[in-house]
Structures are given as C-alpha cells and as structure tokens.
Amino acid sequence: MNWDRPILTDCGGFQVFSLSDLRTITEEGVEFKSHLDGSKHFFSPEKVMEIEEALGADIIMSFDECCPYPSTYEYTKNSMERTTRWAVRCKEAHKNTEEQALFGIIQGGFYEDLRKKSVEDLIKLDFPGYAIGGISVGEPKEEFIKILNFTAPLMPKNKPRYLMGVGTPDYLIEAAIAGIDMCDCVLPTRIARNGTAMTWNGKVVVRNATYERDWGPLDKECDCYTCKNYSRAYIRHLIKVNEILGVRLLSIHNLRFLTKLMERVRIEIERDNLLNFKKDFYKKYGYTKE
RNA sequence: GGGUGAGUGGCAGAGUGGUCAAUUGCACCUGACUGUAAAUCAGGCGUCCUUGUGGCUACGGUGGUUCGAAUCCAUCCUCACCCA
C-alpha cells in the first residue's frame, strides 16, 4: 500500500452480518462460504487475530457478532454475550500488543441494559480502545441516536471511543455530540463510485444530466485537489464514459469533505458551539430521512 | 446490367398472421447506497391525457389480402454481398 500513516483493520464480523446467507455461526466461530468459488473458510477469534497480526495494522478489531435489526431480546442477549466471550479469546490470542492496539466491540442491539452489560464486561478486559458495533444496521435514526447517546457516555473517556460504520455527515455530527472520537465508513467512497458528491450544500449527484454544462467545482467551499482543478461537467463526463479517473476524483473530494467536516467539528467543540453548528449544518446540508 | 440477401423504437438485434407499443443488450433519465460481495443495485424509457382491462401514432414508402398484418402479396425506394 505504501501508506505511512495509521491503519485500522476490521475483523469480518460485519461481513458475517451482511452476507448472512453464506455463513454458519457457532460458539467456536463462523464458517463462511466464498461467493467466488464456494470454498469454505472458518473464522474463529484466534484465526482473526492471526490474520490481523499478519496484516500489521496499528488498530485491530476483536471478532464480534453483529446483530440484525430488529432482533429479539433473547437473540440479542446471546449474541452480545458471545461477542464478549470472543473478545476474551481475542485478547488471549493477540500477541503483538506492543505495536498493535486491539479494540473491543460493544454489542447489545437496541436494548439499553444489554449495551450497559456489554460495556461493563469489556471494560474489565482493559482494551486500549472501545467501539460501538451493531448500530447503523437499518434502524430508524431516532433509535440510532437513542442507543448512541446511551452507550457512548458509558465508555472510558481516557481511551478512544469508536463508532463503527458511520456514515453520513449528520450521523458523524451526532456521534461527535455523543462523545465519539473516531468513525469509519464506506459511504464517501461508495457514493463517489456511484456518482455522488457530498458538499456543504448537500448531496450532489454529479452523474445527473443537470450538471452536463456546470463548469463550477463540486463544492465552492472545498480546498481539495478535485475542486481546485476540475468542473462538475468534466467529472460528470468522466463518470458517464466510465473513465476511472471520475470516481477517483469524487472519492478524493468526498474524503476531503469529511476530514474538513471533522476539522470543523473539533473547532466547534473548542468553542463549545457544536450544537449550534449542527443546527446550521442541518439547514444547509439536509439530513438523513427516516 | 444480372443475381442473392436485407430494411423493426437513439444504436445493436429478437419477433415472421391475433396473447405486440413490440424480448433482450447498450445508450439515456431518475432513485438508492452508513464496520465495502458495490466502477453496484433498483425503477423508468413512442406520444397524449380526465393515468385507464384509456386514446392516438408506429416495424423503409405506397397499395392490397384478411374479421385481424411488424409478420402474407404487389410495387417502389434504400443498403449489403456476388457475377459481368
């Protein structure tokens, strides 16, 4: 990769969730069927640690089970408890503790007592960082915010608090308000590949015909390479003719948009003005509908 | 000049008497996308409106056969290939 900055690797727990028809979960681990050749692969907490150590990332994630939405209390409870048992096994299996930080993943679905139990049990294991998993899995935004604001304050404040799988700009702001320090998401690059840019005035589907002769940048306020050098019309053209540079330029922009957004969020935290910033941002950008 | 084959919606290409406003692919338009199975997926795509088991116009042109024609016949036009 030739990337000289921090790297984080995920454990595959989310794939077990999102590719649910190709796997079998047991206490020992997960058997996965490859969609490429039908071959079977077995992932256990120990195997996942082995892989993540071999990849050599700076932050690695423990193997968890991501609960679908909605799930019954009973199912969620069992799933959460198994995730904690797997976290114990990950911790025991992880050897390269000097160079890699192993984070624990909180589960418990949308049940507050289960979330609380999950955090408490993981804290006992003394991970260098903690993540909230199992939200942003298709639930209404209200549910998301409710469980986020319940869980985040329970997490140790002297360690990174990571929200997995988020997301849209409005969700990122909500996360920051809740006290979250880090997030990750496929969204900026995925929507880029599908022809959409995030801008300070909302989403711009630059693939659409309306931008055919729009000679302005994706976002007037943006300082990224793409916005400084290319017009919406040209980017649209690249997308339409399936020229890979188009999605590359959009990806560069969307990633810069999000890092810029988080720069702003940090400034607003310093100013103790994050809630006002959110209000203004929602007005200009719009926000996720239920 | 002679012979053979072919002309279908933006393009390619099915269909060869009724179930055809016409399969499919591309192109085009719109939407979705939240710990990446994603340069993916879904819907729309003649035209008009009072949006309906609706009207109109359409398979090179014209004329015909038939209850009914993209489909059969005649003729004209155009294109491709072969022979002179």
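Residues numbered from 1 in each chain as written. Chains lettered and ligands numbered in written order. Predicted model: local features only at pLDDT ≥ 70, side-chain atom pairs only at ≥ 80, totals over all residues. Heavy atoms only, no water.

(A) View of the sheet that holds strand β4 (residues 40-43). If you trace the three strands from one edge of the open sheet to the other, you get β2-β3-β4, paired in antiparallel fashion. Strands at the two margins of the open sheet, each flanked by one partner only, are β2 (23-25) and β4. Pairs of neighbouring strands in the sheet enclose a mean axial angle of 15°, with direction left out of account. Both strand β3 (residues 30-33) and β4 contribute to a ladder of four bridges, which runs antiparallel. Residue Glu31 lies in a different strand from β4, and its bridge partner there is Phe42. (Pairing = 2+ DSSP bridges. Helix = DSSP H or I, 4+ residues; strand = E, 2+ residues; numbered from the N terminus. Axes fitted to C-alpha atoms, helices over the stretch in contact; angles between N-to-C directions.)

(B) Structural view of the side chain of Thr9. When you line up the elements, Thr9 lands in strand β1 (residues 8-9). Classification of Thr9 as buried rests on a relative accessible area of 12%. Residues in contact with Thr9, not counting those within four places in the same chain, are Glu52, Leu55, Ala57, Ile59, Ile60 and Met61. (Buried < 20%, exposed > 50% of the residue type's maximum accessible area, 1.4 Å probe, protein only. Contact = heavy atoms within 4.5 Å.)

(C) Just unusual backbone geometry, in detail. For the bond running from Tyr69 to Pro70, omega is -5°, close enough to zero to count as cis. Within the fold, Pro70 resides in the loop between β5 (59-61) and α3 (73-93). Residue Gly167 is reached from Val166 by a cis peptide bond, and omega for that bond is -15°. Relative to the assigned elements, Gly167 resides in the loop between β8 (161-163) and α6 (169-178). Within the chain, Ser136 stands out as a residue other than glycine whose phi angle is a positive 65°.

(D) The packing of α3 against helix α4 (residues 112-124), seen in detail. As a packed pair, α3 and α4 sit with axes 10 Å apart at the nearest point and diverge in direction by 10°. In terms of their interaxial angle, α3 and α4 are classed as roughly parallel. Together, Tyr73, Thr76, Lys77, Met80, Thr84 and Ala87 of α3 and Asp113, Leu114, Lys117, Ser118, Asp121 and Leu122 of α4 make up the contact between the two elements. (Parallel < 35°, antiparallel > 145°, perpendicular 65-115°, else oblique.)

(E) Local environment of the nonpolar core. Counting 57 residues, the largest nonpolar core has Met61, Ile132, Leu163 and Phe281 as the members making the most contacts within it. Counting residues per element, this core draws most heavily on α6, at six residues. The residues contacting Leu163, other than those within four sequence positions of it, are Ile132, Ile135, Phe144, Leu148, Ala175, Ile180, Met182, Cys183 and Asp184. Counting residues in each nonpolar core, the second largest holds 15 residues, with Val204, Cys224, Leu238 and Leu249 among its members. (Core = buried A, V, L, I, M, F, W, Y, C linked by side-chain atoms within 4.5 Å.)

(F) Region of interest: the protein's contact with RNA strand B. The environment of RNA strand B is formed by 39 residues, the closest being Phe14, Gly165, Val186, Thr189 and Lys240. Considering RNA strand B, the proportion of its atoms within 4 Å of the protein that are sugar or phosphate atoms stands at 46%. Between RNA strand B and the protein, one listed contact pairs a phosphate oxygen with a side-chain N or O atom of Gln15 at 2.6 Å. Contact between RNA strand B and Asp64: a base nitrogen at 2.7 Å from a side-chain N or O atom of the residue. (Near = heavy atom within 4 Å. Polar contact = N/O pair within 3.5 Å; in protein donor to acceptor, adjacent residues only side chain to side chain.)

(G) Seen up close, the environment of Thr83. Within the element layout of this structure, Thr83 appears in helix α3. The exposure class assigned to Thr83 is buried, which follows from its relative accessible area of 2%. A C-alpha to C-alpha distance of 8.7 Å links Thr83 and Ser118, two positions 35 residues apart in sequence. Those residues in contact with Thr83, other than ones at most four positions away along the chain, are Phe63, Asp64, Glu65, Ile105 and Gln107.

(H) Examining the sheet that holds strand β7 (residues 129-132) more closely. Read across the open sheet, the six strands follow the order β1-β5-β6-β7-β8-β9; overall the sheet is parallel. The open sheet has two edge strands with one neighbour each: β1 and β9 (182-183). Where β8 and β9 come together, two bridges link them in parallel fashion. For Tyr162, the partnering residue across the bridge sits in β9 and is Met182. Along the sheet, α4 makes contact with β6 (101-106) and β7, crossing β6 at roughly 155°.

(I) Here's a closer look at helix α5 (residues 141-151). Buried within α5 are the following residues: Lys141, Phe144, Ile147, Leu148 and Thr151. Projected down its long axis, α5 carries its buried residues within an arc of 140°, all on one side. Facing away from the buried surface of α5 by more than 90 degrees, the exposed residues are Glu142 and Lys146. In this structure, the buried side of α5 is in contact with β6, α4, β7, β8, α6 and α11 (274-285). (Arc of directions from axis to C-beta.)

Purely geometric numbers; function is a separate question.
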